[in-house]
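Topology and contacts: notes
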Amino acid sequence: MDTSTVNSDEQIDRQSRILEAALELLSRHGISGVNMRAVAREAGVALGLVNYYYEDKSSLIRAALHRIDEHDLRLVEPDPASPPDEQLRKALRRVADPDLLTTRYLSLRLHLWALAQAHEDFALINAAAFERYLDGLATLIGNARPELSRDECRERADDIVIVQNGMWLTTILGIDRESIQRGIARTEQIAFALSRQNEQGLGTEPQES
């Protein structure tokens, strides 16, 4: 057995546990509930191990934000095994995965948005992550609807994200599953609508007598 591989896997596992612990504390208590000792206790590791991987609380929070960024990018990750239109539909439906529509996850998102408003460094991380998500979604739209311009794909991605964020936020208030499904259907309508050029063309076609 390659002991270096085992040690590497163990390190990845420990770091992952530490980051998940930080995210869990963020979801429950916000930034005030996150400190190195509390994270160590939540992760079930020694305080020295948390300090070994992360210099301070800010570096730990930055790493946690990047973890969420990675998760969001997976939501719009292409699936080469599926045709472009189905890839887009899958991405639009992933945001309503039951694992995401939980009080814990939605509370975490709210705390992360609040962090972005309160700390310039965190705001930059959040803005860059948001931009990558929008680009990924716009790319899926463009692949499924190649007649659209890049700008129109991006506009549609912007509009879809407004609906998605509204779905997440209103879920906290107890919106039922049927409403969520209508929200998903609305994002699909936005994504697959006719291009502006085609809409204009249809509007100028002569009427048959």
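Each remark here, short or long, concerns the structure printed above.
Our subject in this report is the structure included herewith. (Residues numbered from 1 in each chain as written. Predicted model: local features only at pLDDT ≥ 70, side-chain atom pairs only at ≥ 80, totals over all residues. Heavy atoms only, no water.)

With that settled, the discussion passes to the layout of surface pockets. Each pocket or cavity is described by its volume, and for the largest pocket that value is around 330 Å³. Together, 18 residues line the largest pocket, and Asp72, Arg109, Trp113, Asn126 and Phe130 are the ones closest to its centre. Of all elements in the fold, only helix H4 (57-75), helix H6 (103-118), helix H7 (120-144) and helix H8 (150-171) reach the threshold of two or more residues within the lining of the largest pocket. Residue composition of the lining of the largest pocket, grouped by class: 12 nonpolar, three polar and three charged. (1 Å grid on protein atoms, 1.4 Å probe; cavity = no way out; pocket = protein on both sides within 12 Å on 5 of 7 lines; lining within 4 Å. Points joined across faces, edges and corners; volume = space filled by probe spheres on them. Helix = DSSP H or I, 4+ residues; strand = E, 2+ residues; numbered from the N terminus. Nonpolar A, V, L, I, M, F, W, Y, C, P; charged D, E, K, R; others polar.)

This part covers helix H5 (residues 84-94). If you check which residues of H5 are buried, you get Gln87, Leu88, Ala91 and Leu92. Down the axis of H5, the buried set is contained in an arc of 130°. They therefore lie on one face. Lining the buried residues of H5 we find H4, H7, H8 and helix H9 (177-192). (Buried < 20%, exposed > 50% of the residue type's maximum accessible area, 1.4 Å probe, protein only. Arc of directions from axis to C-beta. Contact = heavy atoms within 4.5 Å.)

Per the stated rule, a full pass over the model turns up 18 salt bridges. Here Lys90 ties to Asp79 by a salt bridge, and the two come within 3.0 Å at their closest N and O atoms. Here Lys90 is found in helix H5, whereas its partner Asp79 is found in the loop between H4 and H5, with 11 residues between them in sequence. For Asp79, a relative accessible area of 22% corresponds to the partly exposed category. Linking Glu131 and Arg154 is a salt bridge whose minimum nitrogen-to-oxygen distance equals 2.8 Å. Of this pair, Glu131 sits in helix H7 while Arg154 sits in helix H8; the two residues are 23 residues apart in sequence, bridging distant segments of the chain. Taking relative accessible area as the criterion, Glu131 reaches 35% and is therefore assigned partly exposed. Counted as one network, the salt bridges with shared partners bring together Glu131, Asp135, Arg150, Arg154 and Asp158. (Salt bridge = Lys/Arg side-chain N within 4 Å of Asp/Glu carboxyl O.)

Right, let's talk about the environment of Ala63 for a bit. With respect to the secondary-structure elements, Ala63 resides in helix H4. When the C-alpha positions of Ala63 and Ile125 are compared, they lie 9.9 Å apart, and in sequence the two are 62 residues distant. Sequence-distant contacts of Ala63, defined by excluding residues within four places in its chain, comprise Leu19 and Tyr54.

On to the packing of H4 against H6. Contact geometry for H4 and H6: axes closest at 12 Å, N-to-C directions at 120°. If you check the angle between H4 and H6, you find them oblique. With respect to the hand of their crossing, H4 and H6 are arranged in left-handed fashion. From H4, Ile61, Leu65, Ile68, His71 and Asp72 reach across to H6, where they touch Tyr105, Leu108, Arg109, Leu112 and Leu115. (Axes fitted to C-alpha atoms, helices over the stretch in contact; angles between N-to-C directions. Parallel < 35°, antiparallel > 145°, perpendicular 65-115°, else oblique. Left-handed = near helix turned anticlockwise from the far one by under 90°.)

Here the focus is the nonpolar core. Leu88, Tyr133, Leu137, Ile141 and Ile160 are the most contacted members of the largest nonpolar core, which has 29 residues in total. If you list the elements that add at least two residues to this core, you get H5, H6, H7, H8 and H9. Contacts of Leu88, omitting those with residues within four sequence positions, involve Leu137, Leu140, Ile141, Ala144, Ala191 and Phe192. With 28 residues, the next largest nonpolar core counts Val34, Ala38, Ala40 and Leu112 among its residues. (Core = buried A, V, L, I, M, F, W, Y, C linked by side-chain atoms within 4.5 Å.)

Moving on, we get to the side chain of Ser59. Along the chain, the position of Ser59 falls in helix H4. Among the polar contacts listed, one links the side chain of Ser59 to the backbone oxygen of Asp56, at a separation of 2.8 Å. (Polar contact = N/O pair within 3.5 Å; in protein donor to acceptor, adjacent residues only side chain to side chain.)

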